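# Chain and residue survey
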Amino acid sequence: MPAQILDGRAIAGKVIEGLKEEVGALKAKGVSPTLASIMVGENPAIEVYIRSQRRAAEEVGIEYQLHKFGAEVSEEELASFIDRLNEDRNVNGIILQLPIPQGLEAATRLQERISPEKDVEGVSPANMGLIVYGRPRFVPCTPAAVMELINSTGVDLYGKRATVVGYSEIVGRPVALLLMDKFCTTSVCRSSTSKRGELRDYVERAEILVVAIGKANLIPGDWIAEGAIVIDCGINRVGDKIVGDVDFEGAKERASFITPVPGGVGPVTTAMLMRNTVEAAKWQLRG
Ligand code: NDP
């Protein structure tokens, strides 16, 4: 039987509906949740993300502040701007849109400068560390979206065999920790797994498969175990189409649940950013 499609837009819509009520309650207490977004230089791909974040924020009732800087701005100037946002009691969440022209190392230093209480992307060492200890504050948005999608299936995760393909700080690693926290027996694959010719083995044994590689259709449909839950984080442009890392057409014939690309993980990721911003506002209100 073909898989049930996990409709990310519908799941995100439900999250947004719930958040609207929470924002209403916060506004009644005089708090207007505010997300400050920093963009450096010109980048059409980032503009697309910003538009969808702004749209989601408007729906929820979050104020979305966009702070644009020219590509020539110095790291020091950006750092002192972040310091100002950290101090500003009217700003609840801060997001630095990546990449920035100043490079990866500068980006990491600037992200670390964001106060952990306002790091609604969950990328600071403090927030990542809390995941290791099993008491997350702000879960990074894409891993949070992966878990939201898996939870939406209603499947009991206890003891399930999970495979995560990809080991990045922002997706693969936190997803693996979150699955282990749900008592999944979790394998993590990276390039070295493929080079040993073992990727297929790990994919075939997965009852829960999460893929975050960034290579179009790298996982063929016939590798997917019958009845698996497949969450595809990949976003790859092929001609004028966007496709995932998993061959969707083949995989949907074998999986029990599968995310489409686009329309799966992406919209839920944006909704998770909104959820983290609302949580930040609640947390800051409690002091
Ligand atoms: P990275 O490039 O940071 O990491 C990719 C990972 O894939 C690495 O750990 C790498 O292994 C692994 N990998 C690469 N090739 C293979 C292979 N042949 N076999 C097994 N593993 C392999 O990517 P990200 O995690 O940032 O992103 C992954 C994908 O998810 C991208 O398409 C990105 O656009 C998308 N994405 C989507 C988001 C959303 O909101 N929907 C948000 C973030 C990302 P190694 O470390 O050994 O090199």
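Here, the structure is the one placed above.
Anyway, here's the lowdown on the structure attached to this text. Quantities reported herein were computed from a predicted structural model and do not represent experimental measurements.

To continue, consider the overall build of the chain. The helix and strand inventory of the chain stands at eleven helices and eleven strands. The C-alpha radius of gyration of the chain comes to 19 Å, within 12% of the 19 Å expected for a compact globule of 287 residues. Overall, the C-alpha framework of the chain stretches about 50 × 40 × 40 Å when taken along its three principal axes. Considering the chain as a whole, with its 287 residues, one finds that 49% of them fall into the buried category. Within the chain, residue pairs in contact and separated by at least 24 positions form 70% of the contacts whose partners lie at least 6 positions apart. Here the chain holds 33 positive side-chain charges and 38 negative ones, and the gap between their average locations is 2 Å.

Attention now moves to the environment of G93. Checked against the element boundaries, G93 lands in strand β4 (residues 93–96). Between the C-alpha atom of G93 and that of E117, which follows or precedes it by 24 residues, the distance is 7.9 Å.

Spatially, β3-β2-β4 is the arrangement adopted by the three strands of the open sheet, whose pairing is parallel. Where the open sheet ends on each side, the last strands, each with one partner, are β3 (63–69) and β4. The average angle at which neighbouring strand axes cross in this sheet is 20°, direction not considered. Note: strand β2 (residues 34–40) against β3, seven bridges, orientation parallel. Bridging across to β3, M39 finds its partner in K68.

Attention now moves to the packing of helix α3 (residues 75–87) against helix α4 (residues 104–113). Look at α3 against α4: their axes get within 9 Å of each other, and the N-to-C directions meet at 20°. It follows from the interaxial angle that α3 and α4 lie roughly parallel. In this structure, α3 meets α4 at a crossing whose hand is right-handed. The residues of α4 that touch α3, namely those facing E75, L78, A79, I82, D83 and N86, are A106, R109, L110 and R113.

Rules behind the numbers
Residues numbered from 1 in each chain as written. Predicted model: local features only at pLDDT ≥ 70, side-chain atom pairs only at ≥ 80, totals over all residues. Heavy atoms only, no water. Helix = DSSP H or I, 4+ residues; strand = E, 2+ residues; numbered from the N terminus. Rg over C-alpha atoms; globule rule 2.2 N^0.38 Å. Buried < 20%, exposed > 50% of the residue type's maximum accessible area, 1.4 Å probe, protein only. Contact = heavy atoms within 4.5 Å. Lys, Arg positive; Asp, Glu negative; His and termini not counted. Charge placed at Lys NZ, Arg CZ, Asp CG, Glu CD. Pairing = 2+ DSSP bridges. Axes fitted to C-alpha atoms, helices over the stretch in contact; angles between N-to-C directions. Parallel < 35°, antiparallel > 145°, perpendicular 65-115°, else oblique. Left-handed = near helix turned anticlockwise from the far one by under 90°.

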